[in-house]
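Residue-level listing of the chains:
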Amino acid sequence: MKILSIIGSPHGERGNTGKLLGEVLKGAESEGAACETIVLRGDSVKPCLGCDQCHKKGRCPQKDEFESIKEKMIAAGGIILATPNYIFNVSGQLKVFIDRCSSLIHCMALDGKYGACVVTSGGGDEWPIVQYLNHFLMVSGAVPVDAVWAVMGPTGPDTQVPEKNREQAFSSGRTLVRAWEEKRRFAMVEKVQEEHRKRMQELINWCLSINREFRVSVATP
């Protein structure tokens, strides 16, 4: 299994989020997974322009690293999203990336993938961020199977992952690999995805009807 991890932190793999993610990857590697990590530092993926070209042509016209990261997500079997808690939400770096994933969501292009998320903070409130990331994974087609979060205080070279969280993270990595191997299914995830799939079909039908009406109005003298 190949796992792609995406960290939305300016501190990268050396920060608190990177350290907690590292424990998850140790667990995944213990089950034989091959892991790659991409760090979003804020300059590799630009904000969405709202031009709609990703829906019309299948690719974003902006010249940055987004399309190459998207291709790696589609090629992977597992996806881990990792972020610090920045004012009750994912970091700006990760939010910009997620905003660019509209085409993934509309096509549910991550169908068959399994996912997990990692969240760290200096004082709590991680759970709403976990829910947000899990929902993003689900409407993109992936199956979120686990999450790990920890209060770790200020970022520093001497900061260590608490023992309890280190064990949870290691277990989370193993769970991700085993869920992928066993092709686990979850009723709640399937319900959310079916509702989203229906919504996207209705949206497509509406867009097609609008385009037909426009073409008729232009053609009629």
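Scroll up to find the structure.
Please read all numbers here as calculations on a predicted model, not as lab measurements.

Chemist: Give me the lowdown on the sheet that holds strand β5 (residues 143-151), citing residues and values where you can.
Modeler: In space, the 5 strands of this open sheet follow the order β2-β1-β3-β4-β5, with parallel pairing throughout. Looking at which strands have only one partner, the edges of the open sheet turn out to be β2 (34-39) and β5. Within the sheet, the average angular offset between the axes of one strand and its neighbour, ignoring direction, is 15 degrees. In this sheet, β5 lies alongside strand β4 (residues 114-121) in parallel orientation, the contact comprising 8 bridges. The partner of Val119 across the bridge, within β5, is Trp149. Helix-sheet contacts for helix α6 (residues 127-139) involve β3 (78-84), β4 and β5, and the interaxial angle to β4 is about 155 degrees.

Chemist: Kindly report on the packing of aromatic side chains, identifying the contributing residues and their values.
Modeler: Under the definition given, this model contains 2 aromatic pairs. Judged by centre distance (5.5 Å) and plane angle (55 degrees), the rings of Phe66 and Phe97 are tilted. Here the residue Phe66 occupies a position in helix α3 (residues 66-75), and Phe97 occupies one in helix α4 (residues 92-99), the gap between them amounting to 31 residues. Phe97 matches Phe66 in its accessibility class, with the two residues each being buried. On the basis of an interplanar angle of 45 degrees and a centroid distance of 5.5 Å, the ring pair of Trp127 and Trp149 is categorised as tilted.

Calculation notes
- The residue numbers shown here count from 1 along each chain, following its written sequence.
- Per-residue local features of the predicted model are confined to residues with pLDDT of at least 70, and side-chain atom pairs are confined, for both listing and counting, to 80 or more; whole-chain, interface and lining totals are unaffected and use all residues.
- Only hydrogens and water are removed before side-chain values are computed, so all heavy atoms of the structure are retained for them.
- Strands pair, by our definition, only if DSSP identifies at least two bridges between them.
- Helix and strand assignments come from DSSP, with helices taken as H or I runs of at least 4 residues and strands as E runs of at least 2, each series counted from the N terminus.
- To get an axis, a line is fitted to the C-alpha atoms, and for a helix only the part in contact is used. The angle between two axes follows their N-to-C directions and goes from 0 to 180 degrees.
- A contact between two residues is defined here by any heavy atoms of the two lying within 4.5 Å.
- When the centres of two rings from Phe, Tyr and Trp lie within 6.5 Å, Trp using its six-membered ring, the rings pair. Their planes under 30 degrees apart give stacked, over 60 give edge-to-face, and anything left gives tilted.
- Throughout this description, buried means an accessible area under 20% of the type-specific maximum (1.4 Å probe, protein chains only), exposed means over 50%, and partly exposed covers the range between.

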